[in-house]
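The residues making up each chain are set out below.
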Amino acid sequence: PYHDIMVFTEFGAPKDLKAGFDPERIDVFGKCLHFHKWSTKEHIKTIDLGDDGKVGICCRFLHNPKEAQGYIAGTLNSNIFRFYKDNSGDWQISKVLSISAKKVKGWVMDSLPAVISDFIISLDDKYMYISNYLHGDVRQYDITDREHPKLTGQVFLSGLLTKDSHIQPIEEPPLEPCNIKGNRLYGGLHRLQLSLDGKRLYASSYLYKQWDHKIYPKLSDYGGFIALIHCDTENGGLNLDHDFYVN
């Protein structure tokens, strides 16, 4: 509201989502960012993010209301874009972060994208936290330099890159499955929630039922989870709490 702007992303039409994820039909997903003016209720600009911006599932302004900038996730190809108002008052966008796909065997394609399913920003606008649906990791980035996020922490909870997965990485060893209090974590990571002091990050599984049960069939037997990650807010870093588990 301070900048009289609302920003919209694009995901996809319900009819294209009901059947589950089909890599052969990624052209049906949205890839644009839309800017609307609150006071006049008018559309003022659309920016096409291209294939790098397919499925804009998350869009976040910085918490400081006077900061005329924020970030959007291009989910399918695992990119983060920064949108901002330039000196002329026009809204612009630039890609500031990319998470590389992993070369694998056993997947429908030769590489496995991370698939960013959520990201949040700490209340002091210092850190960004990202969850990756297929790689199964949570990342912490220092964003004090808004144009150049710096990776400062990472933990793996689930995903498709573990030793017992039917998908195996080619260029690096598979990961050990994650267990908390004797419970194996299944499924892809989705929602994140950060405590007000920025020191406790909660991560949950489950993204979209039609996708979850096709990609992670064991979810039907074992259910989802919520895990707790402790965040170092001074120097950066993430540590999984092995005593906290919600099924």
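Everything numeric here is computed off the predicted structure, so don't read it as measured data. (Residues numbered from 1 in each chain as written. Predicted model: local features only at pLDDT ≥ 70, side-chain atom pairs only at ≥ 80, totals over all residues. Heavy atoms only, no water.)

Participant: Help me understand the nonpolar core, please; the structure alone is not making it clear to me.
Facilitator: Burial of nonpolar side chains together is a common tendency in soluble globular proteins. Of all hydrophobic cores here, the largest spans 20 residues; its most connected members are Tyr 129, Val 138, Leu 157, Leu 201 and Ile 229. Of all elements in the fold, only strand 11 (127-132), strand 17 (189-194), strand 18 (200-205), strand 19 (226-231) and strand 20 (238-240) reach the threshold of two or more residues within this core. Beyond its immediate sequence surroundings of up to four residues, Ile 229 is in contact with Val 138, Val 155, Leu 157, Lys 199, Arg 200, Leu 201, Ala 203, Leu 238, Asn 239 and Leu 240. Counting residues in each nonpolar core, the second largest holds 17 residues, with Tyr 133, Ile 167, Tyr 216 and Leu 219 among its members. (Core = buried A, V, L, I, M, F, W, Y, C linked by side-chain atoms within 4.5 Å. Buried < 20%, exposed > 50% of the residue type's maximum accessible area, 1.4 Å probe, protein only. Helix = DSSP H or I, 4+ residues; strand = E, 2+ residues; numbered from the N terminus. Contact = heavy atoms within 4.5 Å.)

Participant: Mind showing me how you'd approach the pattern of salt bridges here?
Facilitator: Side chains that carry opposite charge are capable of pairing whenever their charged atoms lie near each other. All told, the structure shown has 12 salt bridges when counted by the stated rule. Here Lys 163 ties to Glu 176 by a salt bridge, and the two come within 2.4 Å at their closest N and O atoms. Linking Lys 163 in the loop between strand 13 (150-156) and strand 14 (168-169) with Glu 176 in the loop between strand 14 and strand 15 (179-180), this pair joins segments that are 13 residues apart in sequence. Look at Lys 163 and you get partly exposed, because its relative accessible area is 48%. Here the residues in one salt-bridge network are Arg 60, Asp 118 and Arg 191, joined through shared partners. (Salt bridge = Lys/Arg side-chain N within 4 Å of Asp/Glu carboxyl O.)

Participant: Would you mind going over the sheet that holds strand 5 (residues 69-74) with me for this structure?
Facilitator: In sheet architecture, strand pairing relies on hydrogen bonds along the backbone and comes in two forms, parallel and antiparallel. Reading across from one edge, 4-5-6-7 is the order of the 4 strands in this open sheet, with antiparallel pairing throughout. The sheet is open, and its two edges are formed by strand 4 (58-61) and strand 7 (91-98), each paired on a single side. With strand direction ignored, the average angle separating the axes of adjacent strands in the sheet is 20°. Here strand 6 (residues 79-85) runs beside strand 7; their pairing, made up of 7 bridges, is antiparallel. Considered in strand 7, the bridge of Phe 81 is made with Lys 95. (Pairing = 2+ DSSP bridges. Axes fitted to C-alpha atoms, helices over the stretch in contact; angles between N-to-C directions.)

Participant: Just checking my understanding: could you explain the sheet that holds strand 20 for this structure?
Facilitator: Here 4 strands make up an open sheet; going across it, the order is 17-18-19-20 and the pairing antiparallel. Only two strands of the sheet have a single partner each, and these edge strands are strand 17 and strand 20. Each adjacent strand pair in this sheet contributes to an overall mean axis angle of 30°, direction not counted. Judged from the 5 bridges that link them, strand 18 and strand 19 form a sheet pairing that is antiparallel. Residue pairing across strands places Tyr 202 opposite Leu 228, the latter belonging to strand 19.

Participant: Explanation requested: the packing of aromatic side chains in the structure shown.
Facilitator: For any pair of aromatic rings, the description consists of the separation of the ring centres together with the inter-plane angle of the planes. One pass over the full model with this rule turns up 10 aromatic pairs. Taken together, a centroid distance of 6.4 Å and an interplanar angle of 35° make the contact between Phe 11 and Phe 29 tilted. Here Phe 29 lies in the loop between helix 1 (14-17) and strand 2 (32-37) and Phe 11 lies in the loop between strand 1 (6-8) and helix 1, a separation of 18 residues in the sequence. On the numbers, 5.6 Å between centres and 65° between planes, the contact of Tyr 202 with Phe 244 is edge-to-face. Note that Tyr 202 is positioned in strand 18 and Phe 244 in the segment after strand 20, a separation of 42 residues in sequence. Residue classification places Tyr 202 among the partly exposed positions, given a relative accessible area of 27%. What makes Phe 244 partly exposed here is its relative accessible area of 26%. Within the aromatic cluster, the residues linked to one another by ring pairs are Phe 35, Phe 61, Phe 83 and Trp 91. Directly above the ring of Phe 119 sits Arg 60, whose terminal nitrogen or CZ lies 5.8 Å from the centroid. (Phe/Tyr/Trp six-rings, centres within 6.5 Å; stacked < 30°, edge-to-face > 60°. Lys NZ or Arg CZ within 6 Å of the ring centre and 35° of its normal.)

Honestly, it's all geometry; don't read function into it.
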